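# Chains, contacts and geometry: an overview
Here is what each chain is made of, one letter per residue.
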Amino acid sequence: MAAILARKLGMTQLFGEDGAVARVTVLEAGPCHVTAIRTNDRDGYDAVQLAFGSVREKALSKPELGHLAKASAPPLRHLVEFRGEGAGLSVGETVDVDTFTAGERVKISGVSKGKGFQGTVKRHNFSRGPVSHGSHNVRAPGSIGASATPSRVMKGIRGPGQMGNKRITQRGLEVVAVRPAEHLLFVRGAVPGPRNGYVEVRSDG
């Protein structure tokens, strides 16, 4: 099993024995309760369902509490299925961060930070217009279509709009250190999502 749910705590840096510094993201990974096992014979696909994130019992519905009770799990907020995983696991077990090792490559999925409605300069890295001689085209996108042919704006033109708040998967991230006693996972580089956001960690093999 090489998949787990985690909460992003923030970023810091770790120093190796040789003095080399590694900029890392700290993840609170697990323990995750196995709440369901999907099989190809019964469900049409193989997967394991993990639950993570403590929450008050009153925040969940009765069906959600009943589903967790079948797995002897406490009230947990987030349930995620990982396809192709779950070999050797059974309902009621827990998955912890010690399933990963230092030096392993992982891919992490999460929802990126939402930045609201943004213009083309910030959203698509457009160049700005001239700012001298009374120009009013400082941050405008410029021409987006032709006049006579085809007399319309073509589909796919990059323009202003909602920026961020989308699911992103970052691949090839390296696990720098693992602290099973504290349920902490240190991953080199940045990870999608805001601080205290929930992410999915899977081996990138």
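Here, the structure is the one placed above.
Below is a summary of the structure that appears in this document. Per chain, the residues get numbers from 1 upward, laid out in the order the sequence is written. At least 70 in pLDDT is required for a residue's local features to be given in this predicted model, at least 80 for side-chain atom pairs to be given and counted, and no such filter applies to totals for whole chains, interfaces and linings, which use all residues. The basis for every side-chain value is the complete set of heavy atoms in the structure, and neither hydrogens nor water enter the calculation.

### A short note on the pattern of salt bridges
- Definition used for salt bridges: Asp or Glu carboxyl oxygen within 4 Å of a side-chain nitrogen of Lys or Arg. Summed over the entire model, instances satisfying the criterion amount to seven salt bridges.
- Arg171 serves as the salt-bridge partner of Asp204, at 2.5 Å between the closest nitrogen and oxygen. Remark: Arg171 occurs in strand β10 (residues 167-179) and Asp204 occurs in the segment after β12 (198-203); sequence separation between them is 33 residues.
- Here Arg179 makes a salt bridge to Glu182, at a shortest N to O gap of 3.9 Å. The secondary structure listing takes helices from DSSP runs of H or I that are at least 4 residues long and strands from runs of E that are at least 2 residues long, numbered from the N terminus.

### Thoughts on the pairing of strand β4 (residues 47-54)
- Burial runs high along β4: seven of the eight residues are buried.
- Strand direction decides the pairing type here: strand β3 (residues 32-38) and β4, joined by five bridges, are antiparallel. Paired with Ala36 across the bridge in β4 is Gln49.
- When DSSP locates at least two bridges between a pair of strands, those strands are taken to pair. Two strands pair when backbone bridges link them, and β4 and strand β5 (residues 76-83) are joined in this way by seven bridges, in the antiparallel orientation. Paired with Ala51 across the two strands is Leu79, which belongs to β5. Note on classification: 1.4 Å probe, protein chains only; a residue is buried when its accessible area is under 20% of the maximum for its type, exposed when over 50%, partly exposed between these limits.

### Let's talk about the sheet that holds β5
- Spatially, the four strands line up as an open sheet ordered β5-β4-β3-β6, and their pairing is antiparallel. Taken across any chain shown, the strands that pair with only one partner, and hence form the sheet edges, are β5 and β6 (94-95).

### What to know about the nonpolar core
- Residues belong to a common nonpolar core when they are buried Ala, Val, Leu, Ile, Met, Phe, Trp, Tyr or Cys residues joined through side-chain atoms within 4.5 Å. One finds Leu27, Leu50, Ile108, Leu185 and Val201 to be the most contacted residues of the largest nonpolar core, which totals 27 residues.
- With four residues, strand β1 (residues 3-15) is the largest single contributor of residues to this core.
- Contacts are assigned to residue pairs that have any heavy atoms within 4.5 Å of one another. Non-local contacts of Leu185, meaning those with residues more than four positions away in its chain, are made with Thr25, Val26, Leu27, Ala29, Val97, Phe100, Val175, Ala177, Val178 and Val201.

### Observations regarding the sheet that holds strand β11 (residues 184-188)
- One closed barrel accounts for six strands, arranged β1-β2-β11-β10-β7-β12; its pairing is antiparallel. The average undirected angle you get between the axes of adjacent strands in this sheet is 50°.
- With four bridges joining them, β10 and β11 adopt antiparallel strand pairing. The residue bridging Arg179 from the neighbouring strand is Leu184, located in β11. In this analysis an axis means a line fitted to C-alpha atoms, helices contributing only their contacting stretch, and an angle means the value between N-to-C directions, from 0 to 180 degrees.

### Remarks on the side chain of Thr25
- With respect to the secondary-structure elements, Thr25 resides in strand β2 (residues 21-29).
- Classification of Thr25 as buried rests on a relative accessible area of 0%.
- Separated by 2.6 Å, the side chain of Thr25 and the backbone oxygen of Gly189 make a polar contact. Any pair of N or O atoms that falls within 3.5 Å is considered a polar contact. Within protein, one atom must be able to donate a hydrogen and the other to accept it, and sequence-neighbouring residues count only if both atoms are side-chain atoms.

### Considering the side chain of Gln49
- Secondary-structure assignment places Gln49 in strand β4.
- Under the relative-accessibility criterion, Gln49 is labelled buried at 9%.
- A polar contact of 2.7 Å, which involves the side chain of Gln49, links it to the side chain of His67.
- In this view, Gln49 contacts His33, Val34, Thr35, Ala36, Arg38, His67, Leu79, Val80 and Glu81; residues no more than four positions away in its chain are not counted.

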